[in-house]
Amino acid sequence: MNPYMKPPRISRRPPSSQGAFKEFDATELYCPRCRRAVPVRKRLLLVLPEGDKYEYLCAVCSSTVGTKTSRGEASVRLIV
């Protein structure tokens, strides 16, 4: 063993953990009206074929601080 050579790096992360965080929900976002990070409420805005669109509202002043489209994994089938 060479004392001047660094040992190879071994990843401590298990290989299955890469897909563990596919989707996040915001708990606090910056509100331009309040000028600080505030708790938010998530409201369903639209139901679209490619996923549901949500709106994040400031819990203090109820202004819109962001939107999010969650992608549905299963396709929606409508029977008329």
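Check the entry above for the structure.
Residues numbered from 1 in each chain as written. Predicted model: local features only at pLDDT ≥ 70, side-chain atom pairs only at ≥ 80, totals over all residues. Heavy atoms only, no water.

Another point: the pattern of salt bridges. Under the definition given, this model contains 3 salt bridges. Between aspartate 25 and lysine 42 there is a salt bridge; the shortest N-O distance is 2.9 Å. With aspartate 25 in the segment before strand 1 (28–31) and lysine 42 in strand 2 (residues 36–48), this residue pair connects regions lying 17 residues apart in the sequence. On the basis of relative accessibility, which here comes to 36%, the residue lysine 42 falls in the partly exposed class. Among the salt bridges present, the one from aspartate 25 reaches lysine 68, with a minimum N-O distance of 2.8 Å. Here aspartate 25 is found in the segment before strand 1, whereas its partner lysine 68 is found in strand 4 (residues 64–70), with 43 residues between them in sequence. Accessibility expressed as a relative area gives 14% for lysine 68, which makes it buried. Shared partners join several salt bridges into a network, and the residues in it are Asp25, Lys42 and Lys68. (Salt bridge = Lys/Arg side-chain N within 4 Å of Asp/Glu carboxyl O. Helix = DSSP H or I, 4+ residues; strand = E, 2+ residues; numbered from the N terminus. Buried < 20%, exposed > 50% of the residue type's maximum accessible area, 1.4 Å probe, protein only.)

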